[in-house]
Amino acid sequence: MESFVISCNEADLNSPRLHGQKVLKTFIENYRGTKELQLFPIIVFDKAGIQTVDYWKMSMPHILKNQIRYVLSATGVPLRNKISALLPKKTHFILASGRVEPNLKEMAYLFPHDFLLEKQKTIVGSQVRLSESIIKDPKTFQADKVNVWIDEDPSIDFKGSSYAVAKYFADYLSLTFKK
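Caption draft 1: Representation of the pairing of strand S7 (residues 148-151). Taking every second residue as pointing to the same face, the buried face of S7 carries Val-148 and Ile-150, while none of Trp-149 and Asp-151 on the other face is buried. Here four bridges tie strand S5 (residues 121-129) to S7, and the two strands are oriented parallel to one another. Bridge pairing in S7 links Ser-126 to Ile-150.

Caption draft 2: Fine view of the pattern of salt bridges. Scanning the model with the defined rule gives six salt bridges in all. Lys-25 is the salt-bridge partner of Glu-29, the closest N and O atoms lying 3.6 Å from each other. Of the two residues, Glu-29 and Lys-25 are both situated in helix H1 (residues 19-30); the distance of four residues between them amounts to about one turn of the helix. The class of Glu-29 is partly exposed, set by a relative accessible area of 44%. Lys-145 is the salt-bridge partner of Asp-114, the closest N and O atoms lying 3.0 Å from each other. In this pair, Asp-114 is assigned in the loop between strand S4 (109-111) and S5 and Lys-145 in the loop between strand S6 (134-136) and S7, connecting sequence segments 31 residues apart. Residue Asp-114 is classed as buried on the basis of its relative accessible area of 10%.

Caption draft 3: Expanded view of empty space enclosed by the protein. Applying the stated criterion across every chain yields a total of one cavity of 30 Å³ or more. Put simply, the largest cavity is a space of about 30 Å³. As for the largest cavity, its lining consists of Ser-97, Leu-110, His-113, Ile-123, Phe-141, Gln-142 and Lys-145. Residue classes in the lining of the largest cavity are distributed as three nonpolar, three polar and one charged.

Caption draft 4: Layout of the environment of Asn-147. Residue position: Asn-147 is located in the loop between S6 and S7. Distance in space between the C-alpha atoms of Asn-147 and Gly-125 is 7.9 Å, their sequence separation being 22 residues. Leaving out residues up to four positions away in the same chain, Asn-147 has contacts with Lys-121, Thr-122 and Ile-123. At 2.7 Å, the side chain of Asn-147 forms a polar contact with the backbone nitrogen of Ile-123.

Caption draft 5: Representation of unusual backbone geometry within the structure. Omega for the bond connecting Phe-111 with Pro-112 falls within 30 degrees of zero, at 10°, which places this linkage in the cis form. Mapping Pro-112 onto the fold places it in the loop between S4 and S5.

Caption draft 6: Here's a closer look at a nonpolar patch on the surface. Together, Val-128, Leu-130 and Ile-135 make up an exposed nonpolar region whose accessible area comes to about 230 Å². For Val-128, the position within the fold is in strand S5. Looking at Val-128, the relative accessible area reads 34%, which means it is partly exposed.

Caption draft 7: Quick look at the packing of aromatic side chains. Under the defined criterion, the tally for this structure stands at ten aromatic pairs. Where Phe-27 meets Tyr-31, the ring centres are 6.2 Å apart and the plane angle is 15°; that geometry is what we call stacked. Accessibility classification places Phe-27 together with Tyr-31 in one group, the buried group. Lying over the aromatic face of Phe-115, Lys-82 brings its terminal NZ or CZ to 4.8 Å of the ring centre.

How each quantity is defined
- Residue positions are counted from 1 within each chain, in the order its sequence is given.
- For this predicted model, a pLDDT threshold of at least 70 governs which residues receive local features, and a threshold of 80 or more governs which side-chain atom pairs are given and counted, while totals over whole chains, interfaces and linings are taken from all residues.
- Excluded from the side-chain calculation are hydrogens and water; included are all heavy atoms of the structure.
- The rule is simple: take the accessible area with a 1.4 Å probe, protein chains only, and divide by the maximum for that residue type; under 20% is buried, over 50% is exposed, in between is partly exposed.
- The way it works is that DSSP assigns letters per residue, a run of H or I at least four long becomes a helix, a run of E at least two long becomes a strand, and they are numbered from the N terminus.
- A strand pair is defined by DSSP finding two or more bridges across the two strands.
- Salt bridges, as used here, are contacts in which a Lys or Arg side-chain nitrogen is within 4 Å of a carboxyl oxygen on Asp or Glu.
- Cavities and pockets are found on a 1 Å grid laid over the protein atoms alone: a cavity is a set of points where a 1.4 Å probe fits but cannot escape, a pocket is an open set with protein on both sides within 12 Å along at least five of seven lines, and a lining residue has an atom within 4 Å of such a point.
- Grid points are joined across faces, edges and corners, and a volume is the space filled by probe spheres set on the points.
- Residues are grouped as follows: Ala, Val, Leu, Ile, Met, Phe, Trp, Tyr, Cys and Pro are nonpolar; Asp, Glu, Lys and Arg are charged; all remaining types, including Gly, are polar.
- Contacts are residue-level and defined by heavy atoms, with any inter-residue pair within 4.5 Å sufficient.
- Whenever two N or O atoms come within 3.5 Å, that pair is a polar contact, provided that in protein one can donate a hydrogen and the other can accept it, and provided that, for residues adjacent in sequence, both atoms are side-chain atoms.
- Patch rule: a residue counts if its relative accessible area is over 30% and it has no salt bridge; like charges are joined within 9 Å, and nonpolar side chains (Val, Leu, Ile, Met, Phe, Trp, Tyr) within 5 Å.
- Computed with a 1.4 Å probe, the accessible areas rest on the Shrake-Rupley method; for each residue, only the protein chains presented here act as cover.
- Put simply, two rings from Phe, Tyr or Trp (the six-membered ring, in Trp's case) pair if the centres are within 6.5 Å, and we call them stacked under 30 degrees between planes, edge-to-face over 60, tilted for the rest.
- Charge-over-ring placement is defined geometrically: NZ (Lys) or CZ (Arg) within 6 Å of the ring centre, and within 35 degrees of the ring normal.

Here it is as structure tokens:
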């Protein structure tokens, strides 16, 4: 993948191209642990905001080389067919469930979600808690595979499984690295 420059002065922070920035910000704002963490943001999108399995595959040697224990991802590549992929066995992936939208509607698989062993992944979905009931996002992709459901925060604009996965992982690590 070629490198490219994005002008921060002209960037639209609500652009899907900068979605990862919101995920990272949500994670950082919610992490309350005492241990200093090393974060390695990995971009799996090109300049036009297109992601492919090839970009994901290019990230795997970086994950292996740096012995990254956890990968937080609020994205996945929709696929029609199963493919072969070499994924790090000692890395745990915390993944947003995703939503059934036009680009996911006809797809059977989501990468890396459907290509990892069950013990290697935690899939996080979002839900809305009302006074007497809980409503899971009805458009959750493969809702039966979601391991953890996180309440949306009605006071913020960033919602859905992307918010939920960042919030969940920040809370998880905060408890893990508590005094």
